[in-house]
Amino acid sequence: MTNELTAAGIDPFDESVYRAVLTRRTAVPTELAADLGCSPLRAARALDRLHDHGLVGRLAGVRRRYAAIEPGAAVESLVRNRAAELDRVRTAAGELSRLFAAAQAGTAGEDEVEITTGREALGRWFVRLQQEARQDVMTLDRPPYALTTSNPVESTALGRGVRYRAVYAPEALEWPGVLEDIRGLVRRGEQARVMPGLRIKLAIADRRLALMPLSLDLDGVRAAVIRPSTLLDALTDYWELCWKQALPLDVPAEDPLCEEDRLVLTLLVGGFKDEAIARQLGWSVRTMRRRMSRLHELLGAVNRFQAGVVATRRGWI
């Protein structure tokens, strides 16, 4: 399977479909399915995604026939879009550097940025941020934790209609009790995703107030309280990029997997090893591998990576 376009955000299978369309000049899903040895539905979904990316166009007529867009122009547009996303990340980095320099010099502006010090102050601001939220709270969550891993304020806020969207680092799910707490919050309405490589902690309320520790060493930690500013805009854009790249922890109720099966696949895709998954679910490694073998059969997968890919594409995780 080819993957030259992966860096531009194109799935390897979708790239295979694109190359097949280029070869045929025009094609319908059934023709591509025969070429690639996949189902027509899978080919059709890939064509829809390629259409959204501007790599193919749908021809007029009743049949779903597609033609490839000229690669030079189409791929160049993809590259420009990805470059724009990276530019937003660079903007965030620049604003964070300015914040760091201002904090080091003790000159952070009180109107836009306030520096608070200590675990208790950080905890109080996190509670206040959630209590003052009226519409939504967006977080990037990873260890260590200032006071406790649980967040009772969130349940109350969810009850009054505040939308919570949280991106968790895999390391957070390894802390005792955290995964069970997240499952309870998801049942109450939280939208949860997981993303490996998460390096900062962040909370944003109503896109008007943010709280971000300036280090992950919580002994004498300093945190930035950020009000409406270009820095807040940059942090919000960065959160949106993380949300887009993260994998859902909650799944549609109609999928055929039981809750434990979904957790196994979600943790697997999140980068957990067999021993860590077994420990999270209270199983022996032997039991976990037996369940994984059954999931391989259900998904028609031959390895862990393929099982995660297939489950994700089917919308099961």
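The structure we're discussing is the one just above.
Description of the structure in this document. Model, not experiment: these values are computed from the prediction.

1. Remarks on the packing of helix 2 (residues 29–36) against helix 3 (residues 40–52)
Consideration 1: Where helix 2 meets helix 3, the axes come as close as 8 Å, and the angle between the chain directions of the two elements is 110°. With respect to their mutual orientation, helix 2 and helix 3 come out roughly perpendicular. The hand of the helix 2/helix 3 crossing is right-handed. Note on element contacts: helix 3 touches helix 2 through Pro40, Ala43, Ala44 and Leu47, opposite Pro29, Thr30, Leu32 and Ala33.
Consideration 2: Counted by class, the contact of helix 2 with helix 3 contains 7 nonpolar, 1 polar and no charged residues.

2. Remarks on helix 10 (residues 259–269)
Consideration 1: Along helix 10, 8 of the 11 residues are buried, which leaves the element largely enclosed by surrounding structure.
Consideration 2: For helix 10, the set of buried residues is Asp261, Arg262, Leu263, Val264, Leu265, Thr266, Leu267 and Leu268.
Consideration 3: Downstream of helix 10 by a residue or two, Gly271 has a phi angle that is positive, lying close to 100°.

3. Things to note about the pairing of strand 9 (residues 209–213)
Consideration 1: Across the 5 residues of strand 9, 5 count as buried, placing the element largely inside the fold.
Consideration 2: Where strand 8 (residues 202–205) and strand 9 come together, 3 bridges link them in antiparallel fashion. Within the sheet, the bridge partner assigned to Ala203 lies in strand 9 and is Leu211.
Consideration 3: Linking two consecutive strands that pair antiparallel, namely strand 8 and strand 9, is a turn of 3 residues; a positive phi of about 55° is found at Asp206 within it.
Consideration 4: Examined bridge by bridge, strand 9 and strand 10 (residues 222–226) share 4 bridges and lie antiparallel to one another. Paired with Pro213 across the bridge in strand 10 is Ala223.

4. Some details on the environment of Tyr164
Consideration 1: By the secondary structure assignment, Tyr164 is in strand 6 (residues 163–168).
Consideration 2: Between the alpha carbons of Tyr164 and Gln191 there is a distance of 6.2 Å; along the sequence they are 27 residues apart.
Consideration 3: Apart from the residues within four sequence positions on either side, Tyr164 is in contact with Gln130, Val137, Val153, Glu154, Ala157, Leu158, Gly189, Glu190 and Gln191.
Consideration 4: Polar contacts involving the side chain of Tyr164 include one to the side chain of Gln130, which spans 2.8 Å.

5. Some words on the environment of Ser215
Consideration 1: Within the element layout of this structure, Ser215 appears in the loop between strand 9 and strand 10.
Consideration 2: Residue Ser215 is classed as partly exposed on the basis of its relative accessible area, which comes to 32%.
Consideration 3: For the pair formed by Ser215 and Ile200, sequence separation is 15 residues and the distance between their alpha carbons is 8.1 Å.
Consideration 4: Once you skip the residues sitting within four places of it in the chain, Ser215 turns out to touch Val221 and Arg222.

6. Comments concerning the packing of aromatic side chains
The geometry of an aromatic ring pair comes down to the distance between the two centres and the angle between the two planes.
Consideration 1: Scanning the model with the defined rule gives 2 aromatic pairs in all.
Consideration 2: Here Trp239 and Trp243 contribute two aromatic rings whose centre-to-centre distance is 5.3 Å and whose plane-to-plane angle is 15°, an arrangement assigned as stacked. Taken together, the residues Trp239 and Trp243, both in helix 9 (residues 230–245) and 4 residues apart, mark about one turn of the helix.
Consideration 3: For the cation-ring pair, Arg42 lies above Phe13, with the distance from its terminal atom to the ring centre recorded as 3.7 Å.
Consideration 4: For Arg165, the ring lying beneath its charged end belongs to Trp243, and the centroid distance is 5.6 Å.

7. Side note on the sheet that holds strand 3 (residues 66–68)
Consideration 1: Taken together, the 3 strands give an open sheet; going across it, the order is 1-3-2, and neighbouring strands pair in antiparallel fashion. Because the sheet does not close on itself, it has two edges, and the strands there are strand 1 (26–27) and strand 2 (56–58).
Consideration 2: Pairing analysis gives 3 bridges linking strand 2 to strand 3, with the strands arranged antiparallel. Directly across from Gly57, in strand 3, lies its bridge partner Ala67.
Consideration 3: The sheet contacts of helix 1 (residues 12–24) involve strand 1, strand 2 and strand 3, and relative to strand 3 the element is tilted by about 90°.
Consideration 4: Seen against the sheet, helix 3 touches strand 2 and strand 3 and runs at an angle of roughly 105° to strand 2.

8. Examining the nonpolar core
Consideration 1: Tyr168, Leu173, Val264, Leu265, Ile277 and Met292 are the most contacted members of the largest nonpolar core, which totals 31 residues.
Consideration 2: Going through the elements one at a time, strand 6, helix 7 (170–173), helix 8 (178–188), strand 7 (191–194), helix 10, helix 11 (274–281), helix 12 (285–299) and helix 13 (304–313) are the ones with two or more residues in this core.
Consideration 3: The leading source of residues in this core is helix 10, at 5 residues.
Consideration 4: If near-sequence neighbours (up to four positions away) are discounted, Leu173 is found in contact with Tyr168, Val178, Leu179, Ile182, Val194, Leu249, Leu267, Phe272 and Gln280.
Consideration 5: Counting residues in hydrophobic clusters, the runner-up holds 21 residues, among them Leu5, Ala8, Val56 and Ala74.

9. Quick look at the sheet that holds strand 9
Consideration 1: Strand order in the open sheet formed by 8 strands is 4-10-9-8-5-6-7-11, with mixed pairing between adjacent strands. Because the sheet does not close on itself, it has two edges, and the strands there are strand 4 (113–117) and strand 11 (247–248).

10. Comments concerning helix 3
Consideration 1: Along its 13 residues, helix 3 runs 18 Å from first to last C-alpha, staying within 8% of the 18 Å computed at 1.5 Å per residue.
Consideration 2: Of all the residues in helix 3, the buried ones are Ala43, Ala44, Ala46, Leu47 and Leu50. Within helix 3, the buried residues cover an arc of 160° as seen down the axis, which keeps them to one side. Facing away from the buried side of helix 3 by more than 90 degrees, the exposed set consists of Leu41 and Asp52.
Consideration 3: Buried-residue contacts for helix 3 involve helix 1, helix 2, strand 2 and strand 3.
Consideration 4: Just downstream of helix 3 lies Gly54, where phi reads positive at about 80°.

Criteria and cut-off values
- Residues numbered from 1 in each chain as written.
- Predicted model: local features only at pLDDT ≥ 70, side-chain atom pairs only at ≥ 80, totals over all residues.
- Heavy atoms only, no water.
- Axes fitted to C-alpha atoms, helices over the stretch in contact; angles between N-to-C directions.
- Helix = DSSP H or I, 4+ residues; strand = E, 2+ residues; numbered from the N terminus.
- Parallel < 35°, antiparallel > 145°, perpendicular 65-115°, else oblique.
- Left-handed = near helix turned anticlockwise from the far one by under 90°.
- Contact = heavy atoms within 4.5 Å.
- Nonpolar A, V, L, I, M, F, W, Y, C, P; charged D, E, K, R; others polar.
- Buried < 20%, exposed > 50% of the residue type's maximum accessible area, 1.4 Å probe, protein only.
- Pairing = 2+ DSSP bridges.
- Polar contact = N/O pair within 3.5 Å; in protein donor to acceptor, adjacent residues only side chain to side chain.
- Phe/Tyr/Trp six-rings, centres within 6.5 Å; stacked < 30°, edge-to-face > 60°.
- Lys NZ or Arg CZ within 6 Å of the ring centre and 35° of its normal.
- Core = buried A, V, L, I, M, F, W, Y, C linked by side-chain atoms within 4.5 Å.
- Expected span 1.5 Å × (residues − 1).
- Arc of directions from axis to C-beta.

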